[in-house]
Every structure is written in C-alpha cells, then in structure tokens.
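As a plain string of letters, each chain reads:
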Amino acid sequence: MAYTLERVKRVETFSKSLEEEGGSNMRTAFILSFVANLILTVVSLALGPSRVAIHFGLGGAPNGWAPAYVNALIMAGMNAIVFVSLFFSPRLIRTASARWINIPNKEYWLKEENRNRAESVLSGQMCRFGTVLFAYLFMVGVLALQANLSTPVRLREDLFWWPFGLFMAYVAYWTVN
C-alpha cells in the first residue's frame, strides 16, 4: 500500500512539473515529429527511384521491393495511425468504462476529481513516447532513402543499430516508468 501511495504522489508531482514546464511543448514536439515523417515520406517519393527496397535483411541487403508510391502510402498510413492512436487515446479515460482501463491505481485515477489529471499524465506520456518513436522512424526513413539512392542498394547497418538500441532502451525505460 505504501508503494502504491508513494507512486501516485510521484506521478502527480511529475505530471504537475510537466504542466508547469510546458506539457504543450511536448505535444508540439510530438506533432512536429509526425509532420517531419510525413515530409520525409514525400521527399523520399520525389527523390527516390520508382521501385524501392522496403525491407532489408542481415548485412543490409534488400529483400523486399515495392513501387515507391506504395511505400509512401504505407509509411504515411502507418504514421497517421500511430499519431491518431497516441494523440487521442488519453481522451478515452473520460468516456471508457472502468473495466476497459488498465492503469496502476485505477480506483484513484478514475475518481471524477482525478480524471483530468489522469488524462493529462497519460497525454504527456503518449506525446513523449510518440516523439521518440517518430524520431526513430525518421532516422530509419533517412537511412532507407539513403539506401535506395545508393548503388547497389544497401542499408548502412552501422548507422541502423545504434538508433535501434537507443530506441529499445527508451522503450524499456518508458515501460518501467
């Protein structure tokens, strides 16, 4: 019980500091990182060949190909789905039945007087995660564009693995916190 109350207090303190420091700044970063990925998709479509590698195997050799417009549609669609999911999901805390919500200390956070704070905390967490995810996807997108513009087509694995490792470390950190 002490752990639960301490965790609630820590999350409340953290969420208050986020609001004071500009939770809207994280939301802005999230939106801008999404837009940057859409711009990269359009740039890749404009600059890349008509047929692009869409998947790479070990060693960076391409093992999946598609027309560039198909790749652009897939990337834009995936980015849009991720953005909408992360941006709007915290609002569900207001309307979804409590049985469908799985958060620590659910009874506390779902009290009417705490729902606004819960939505704010979840929104901040989703925006932070989304910003990091879109930053990672942007790096991968740049590497894929670079690979498709090179002859022969090859992904630079030496530049791929460190962002992947950093992203996985962040996912582990975000999951635990």
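Refer to the structure above for everything that follows.
Residues numbered from 1 in each chain as written. Predicted model: local features only at pLDDT ≥ 70, side-chain atom pairs only at ≥ 80, totals over all residues. Heavy atoms only, no water.

Visitor: I'd like to hear about the environment of Leu149, residue by residue, with values.
Guide: Among the structural elements, Leu149 can be located in helix H6 (residues 115-149). Put simply, Leu149 and Gly48 are 101 residues apart on the chain and 6.3 Å apart in space, counted from C-alpha to C-alpha. If near-sequence neighbours (up to four positions away) are discounted, Leu149 is found in contact with Leu47, Gly48 and Pro49. (Helix = DSSP H or I, 4+ residues; strand = E, 2+ residues; numbered from the N terminus. Contact = heavy atoms within 4.5 Å.)

Visitor: Give me the lowdown on the pattern of salt bridges, citing residues and values where you can.
Guide: Tallying each qualifying case throughout the model produces 2 salt bridges. In this structure, Asp158 engages Arg156 in a salt bridge whose closest nitrogen and oxygen atoms are separated by 2.6 Å. Of the residues examined, Asp158 reaches a relative accessible area of 49% and is grouped as partly exposed. Given the relative accessible area of 38%, Arg156 is considered partly exposed. (Salt bridge = Lys/Arg side-chain N within 4 Å of Asp/Glu carboxyl O. Buried < 20%, exposed > 50% of the residue type's maximum accessible area, 1.4 Å probe, protein only.)

Visitor: Summarise the nonpolar core; cite the residues concerned and give the values.
Guide: Phe30, Phe56, Phe83, Phe129, Phe134 and Leu155 are the most contacted members of the largest nonpolar core, which has 21 residues in total. Elements represented by at least two residues in this core include exactly helix H2 (23-47), strand S1 (51-56), helix H3 (68-88), H6 and helix H7 (157-176). The greatest single-element share of this core, amounting to 9 residues, is contributed by H6. When neighbours within four sequence positions are excluded, Phe83 is seen to be in contact with Phe30, Ile31, Phe34 and Phe134. With 7 residues, the next largest nonpolar core counts Ile93, Ile103, Leu110 and Ala118 among its residues. (Core = buried A, V, L, I, M, F, W, Y, C linked by side-chain atoms within 4.5 Å.)

Visitor: So, the side chain of Glu119: which residues are in play, and what are the values?
Guide: Examined against the element boundaries, Glu119 turns out to sit in helix H6. With a relative accessible area of 14%, Glu119 lands in the buried category. Only 2.3 Å separates the side chain of Glu119 from the side chain of Arg94, close enough to count as a polar contact. In this structure Glu119 touches Pro90, Arg91, Ile93 and Arg94, once residues within four positions along its chain are discounted. (Polar contact = N/O pair within 3.5 Å; in protein donor to acceptor, adjacent residues only side chain to side chain.)

Visitor: Pulling in residues and values, what's your account of the pairing of S1?
Guide: As judged from the 5 bridges shared by S1 and strand S2 (residues 62-67), these two strands associate in the antiparallel manner. Across the sheet, residue Ala53 finds its bridge partner in S2, namely Trp65. Hairpin connection from S1 to S2: 5 residues lie between these consecutive antiparallel strands, with Gly59 at a positive phi of about 90 degrees. (Pairing = 2+ DSSP bridges.)

Visitor: Account for the packing of H3 against H6, naming residues and giving values.
Guide: Packing of H3 against H6 brings their axes to within 10 Å, and their N-to-C directions diverge by 165 degrees. Classified by the angle their axes make, H3 and H6 are roughly antiparallel. When you trace H3 past H6, the crossing you get is right-handed. Contact residues: H3 offers Met78, Asn79, Val82, Phe83 and Leu86, while H6 offers Met126, Phe129, Gly130, Leu133, Phe134 and Leu137. Looking at the contact of H3 with H6, its residues break down into 9 nonpolar, 2 polar and no charged. (Axes fitted to C-alpha atoms, helices over the stretch in contact; angles between N-to-C directions. Parallel < 35°, antiparallel > 145°, perpendicular 65-115°, else oblique. Left-handed = near helix turned anticlockwise from the far one by under 90°. Nonpolar A, V, L, I, M, F, W, Y, C, P; charged D, E, K, R; others polar.)

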